[in-house]
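# Observations on the model geometry
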Amino acid sequence: MSKLINGLPIKNATESLLLHITGPDVKSARAKRPDFCVVALAIKREMRAKEVRVHLGRVYVRTTGAHWTRYITPGSLRTEIISFDRGGTFSLGVHTLQKIGPVKLKKAGKTQSTHKIGQIKTGKKRRAYHAVKDVRTSPAFG
């Protein structure tokens, strides 16, 4: 079963999108608002999108009434979003929203290994998960 946003299916982008962040986008934006942030306003302006939701990992764009298109949020844009949500400024510039590549599924079955849980084969412990706080919410599907 695929995920839905407001009852509409989500499709992966097949082409990357070049996005220009301008001064009016920054002035009109609201922090911690996935639907009204700097990036959302820029996409609405450039693509004439009806709705946009910008999150730290993914960007969802609805240009027609049929479906949402999902892009990958680049690292440079993610950093700017975090800065803006925490009260900083958003730098003007050009960013590329990446298309979603093909899904590579693992073979079914249990992966066998001799290393302990939480350690990789080199003997080093894995880095602890870090949650970014005081920024916009994660996407909610329903």
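Quick note: structure is the one above.
Since we're looking at a predicted model, the values are computed, not measured.

A few words on the overall build of the protein chain. The number of helices and strands found in the protein chain is three helices and seven strands. Taken from the N to the C terminus, the helices and strands of the protein chain come in the order β-β-β-α-α-β-β-β-α-β. A buried classification covers 30% of the 142 residues belonging to the protein chain. Restricting the contact set of the protein chain to residue pairs at least 6 apart, pairs at least 24 apart contribute 55%. As displayed, the protein chain offers around 9800 Å² of accessible surface, 54% of which is attributable to carbon and sulfur atoms.

What follows covers helix H2 (residues 38-47). Spacing of three or four residues puts side chains on the same side of an α-helix, whose turn is 3.6 residues. Regarding H2, the residues found buried are Val38, Val39, Ala40, Leu41, Ala42 and Ile43. On its buried side, H2 packs onto strand E3 (17-21), helix H1 (23-28), strand E4 (51-54), strand E5 (58-62), helix H3 (75-85) and strand E7 (93-97). In the stretch just after H2, arginine 48 is the one whose phi turns positive, near 55°.

In this structure, Val39, Ile43, Val52, Val54, Val59, Phe90 and Leu97 are the most contacted members of the largest nonpolar core, which totals 26 residues. When residues of this core are traced back to their parent elements, those giving at least two are E3, H2, E4, E5 and H3. With sequence-adjacent residues up to four places away left out, valine 52 is seen in contact with Pro34, Asp35, Ala40, Ile43, Lys44, Val59, Tyr60, Val61 and Trp68. Counting five residues, the second largest nonpolar core, distinct from the first, contains Ile5, Leu8, Ile10 and Tyr60.

Moving on, we get to the pattern of salt bridges. Counted by the stated rule, this structure contains five salt bridges. With its nearest N and O atoms 2.6 Å apart, the salt bridge here joins aspartate 134 to lysine 32. Of this pair, aspartate 134 sits in the segment after E7 while lysine 32 is found in the loop between H1 and H2, placing the two residues 102 residues apart along the sequence. On the basis of relative accessible area, aspartate 134 is assigned to the partly exposed category, the value being 48%.

Conventions and cut-offs
Residues numbered from 1 in each chain as written. Predicted model: local features only at pLDDT ≥ 70, side-chain atom pairs only at ≥ 80, totals over all residues. Heavy atoms only, no water. Helix = DSSP H or I, 4+ residues; strand = E, 2+ residues; numbered from the N terminus. Buried < 20%, exposed > 50% of the residue type's maximum accessible area, 1.4 Å probe, protein only. Contact = heavy atoms within 4.5 Å. Areas by Shrake-Rupley, 256 points an atom, 1.4 Å probe, with all protein chains shown as cover. Core = buried A, V, L, I, M, F, W, Y, C linked by side-chain atoms within 4.5 Å. Salt bridge = Lys/Arg side-chain N within 4 Å of Asp/Glu carboxyl O.

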